[in-house]
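# Coordinates in review
Next come the chains, spelled out residue by residue.
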Amino acid sequence: MINRSYIIWMFGSALICSGLHLLTSKGLKKRGLLAALTLVFGTVLGAVCARLGYIIIQPDYAIGSGLTETLLSGDMGLTSFMVGAVGVVLGALIAGKCTGNQAGETLYAYAPIGALMAAMARFGEYFLGTICAGNYVDNEALQFFPLSVSNEWGEWYQAVFMISGTIYLGVFLASLLKFRAHRFMRTVFYLCLPQVFCESLRNQSLMWSQFIRAEQLLCMILVEVILIILGIGAKQEKRRFWPAIAGLLWAGVFVAVEFAAGGKIFVDMSPVIYYGVMVLGLVCLGFMEHWLITKQQS
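Criteria and thresholds
Residues numbered from 1 in each chain as written. Predicted model: local features only at pLDDT ≥ 70, side-chain atom pairs only at ≥ 80, totals over all residues. Heavy atoms only, no water. Salt bridge = Lys/Arg side-chain N within 4 Å of Asp/Glu carboxyl O. Helix = DSSP H or I, 4+ residues; strand = E, 2+ residues; numbered from the N terminus. Buried < 20%, exposed > 50% of the residue type's maximum accessible area, 1.4 Å probe, protein only. Phe/Tyr/Trp six-rings, centres within 6.5 Å; stacked < 30°, edge-to-face > 60°. Lys NZ or Arg CZ within 6 Å of the ring centre and 35° of its normal. Patch = residues over 30% accessible without salt bridge, like charges linked within 9 Å, V, L, I, M, F, W, Y side chains within 5 Å. Areas by Shrake-Rupley, 256 points an atom, 1.4 Å probe, with all protein chains shown as cover. Axes fitted to C-alpha atoms, helices over the stretch in contact; angles between N-to-C directions. Parallel < 35°, antiparallel > 145°, perpendicular 65-115°, else oblique. Contact = heavy atoms within 4.5 Å. Nonpolar A, V, L, I, M, F, W, Y, C, P; charged D, E, K, R; others polar. Core = buried A, V, L, I, M, F, W, Y, C linked by side-chain atoms within 4.5 Å. Domains from an automatic or database assignment. Buried area = accessible area lost by both parts, 1.4 Å probe. Polar contact = N/O pair within 3.5 Å; in protein donor to acceptor, adjacent residues only side chain to side chain.

### Here we look at the pattern of salt bridges
It is possible for side chains bearing opposite charge to pair when their charged atoms get close. Applying the stated criterion across every chain, the model contains seven salt bridges. For Arg 213, the salt bridge identified is with Glu 258, shortest N-O distance 2.9 Å. Taken as a pair, Arg 213 in strand β4 (residues 212–213) and Glu 258 in helix α10 (residues 242–261) lie far apart in primary sequence, 45 residues in all. Neither residue differs from the other here; Arg 213 and Glu 258 are each classed as buried. Lys 295 serves as the salt-bridge partner of Glu 237, at 3.6 Å between the closest nitrogen and oxygen. With a gap of 58 residues between them, Glu 237 in the loop between α9 (214–233) and α10 and Lys 295 in helix α11 (residues 271–297) connect regions that are remote in the sequence. Relative accessible area serves as the criterion here: at 27%, Lys 295 is assigned to the partly exposed category. Sharing partners across several salt bridges, the network here consists of Arg 122, Glu 125, Glu 199 and Arg 202.

Pasting the structure below:
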């Protein structure tokens, strides 16, 4: 069944973002038409790619339920947020092409808008119940929104989507006000980087090969690719590929954290400690990305 509250929230959010897109597109050709086409193409391709992403990631479940039924289902649990975001970006590129704007200019203008739309989409997951929530919260002092969300039986779970949405709002502001060089790439980097942690907190991630959180893996791959691209661009710096190498090493640590968090290996310590290690690694990678940016501009 289609969740009407979620659809209304997403539609309203898309309209707001489209209006702001007019402002960030100042100087581009046919910016009114660009914003309108981005809204249409982004909505359609985002929805289609989100569902196709689910089918690609979890083909056994999709085939078992029937491909047609899966494609047409109103169940928002049968979607991939990250692959849907790729569809939205593709829609923005097509809109830019239709209005005669270059891809780089189009993505530069859309970067903060995409981050804001991602934040609104995360906040909208409130209407989906506990699909995008984390583990059970047994501490009554923490059983309140926005820290947690309840189901129909009065059980409370971590509101992970609120953490993601709040971080994404920060990325939106940084993209709009701070990022100049490589704005789109940096925006993608800082949307993906914290999501590695947020996906680890989720109770119902899309799983690949039984134990790999697919969207977490995709985020880490994008982070690594961006570090490599920035390293290639820092031609005057001998240590330019150290961040990419560090990214691979930290990825190994993150895998160990996931195994420990999932109880697949025994670690006699508080989850706060190994999640703290994950956050430390992500912060390190953020500093390394910033260092590479300074080397690009030097």
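### Quick word on the packing of aromatic side chains
Following the criterion strictly, the structure yields nine aromatic pairs and no others. For the ring pair Trp 9 and Phe 127, a centre distance of 5.9 Å and an interplane angle of 50 degrees mean the geometry is tilted. Of this pair, Trp 9 sits in helix α1 (residues 4–24) while Phe 127 sits in the loop between α6 (103–124) and β1 (148–150), and the two are 118 residues apart along the sequence. In this structure Trp 9 comes out as partly exposed when scored by relative accessible area, which is 30%. Judged by centre distance (6.0 Å) and plane angle (25 degrees), the ring pair of Trp 250 and Phe 254 falls under stacked. Within this pair, Trp 250 and its partner Phe 254 are both found in helix α10, separated by four residues, close to a single helical turn. Of the two residues, Trp 250 and Phe 254, neither departs from the other in class, the shared state being buried. Members of the aromatic cluster, joined through ring pairs, are Trp 9, Tyr 126, Phe 127 and Phe 145. Against the face of Tyr 108 rests Arg 183, its NZ or CZ located 4.1 Å from the ring centre.

### Some words on a nonpolar patch on the surface
A cluster of nonpolar residues, Val 40, Val 44, Val 48, Leu 52, Ile 56, Leu 71 and Leu 72, forms a patch on the protein surface that exposes about 670 Å² of accessible area. Mapped onto the nonpolar patch, the elements with two or more residues apiece are α2 (31–57) and α4 (67–72). The greatest single-element share of the nonpolar patch, amounting to five residues, is contributed by α2.

### Notes on the packing of α6 against helix α8 (residues 183–201)
Interhelical geometry of α6 versus α8 gives an angle of 20 degrees and a closest axis separation of 7 Å. The orientation of α6 relative to α8 falls into the category roughly parallel. Contact residues: Leu 107, Tyr 108, Ala 109, Ala 111, Pro 112, Ala 115 and Arg 122 in α6; Arg 183, Phe 184, Thr 187, Leu 191, Gln 195 and Glu 199 in α8. For the contact of α6 with α8, a count of residues per class yields eight nonpolar, two polar and three charged.

### A short note on the nonpolar core
With 60 residues, the main nonpolar core has Val 223, Phe 254 and Leu 285 as its most contacted residues. Of all elements in the fold, only α1, α5 (81–98), α6, α7 (160–177), α8, α9, α10 and α11 reach the threshold of two or more residues within this core. When we break this core down by domain, the ones giving at least three residues each are domain 1 (1–127) and domain 2 (179–298). Residues within four places of Phe 254 in sequence aside, it is in contact with Val 196, Met 220, Met 278, Gly 281, Leu 282 and Leu 285.

### Points about the domain arrangement of the protein chain
The domain architecture assigned to the protein chain consists of domain 1 (1–127) and domain 2 (179–298). Just the C-alpha atoms count here: the centres of domain 1 and domain 2 sit 24 Å apart. If you look at the interface, domain 1 gives 17 residues, while domain 2 gives 17 residues. Taking both sides of the interface into account, the surface hidden between domain 1 and domain 2 amounts to around 1400 Å²; carbon and sulfur atoms contribute 68%. Among the residues of domain 1 in contact with domain 2, Ile 57, Met 82 and Tyr 108 are the three that bury the most area, contributing 43% of the side total. On the surface where domain 1 and domain 2 come into contact, there are one salt bridge. Residue Glu 199 pairs with Arg 122 through a salt bridge whose shortest N-O separation is 4.0 Å. At the boundary of domain 1 and domain 2, one finds five residue pairs in polar contact (both at pLDDT 80 or more). Among the secondary structure elements, those contributing two or more residues to the side of domain 1 that touches domain 2 are α2, α5 and α6. Residue contributions to the side of domain 1 that touches domain 2 peak at seven residues, all from α6.

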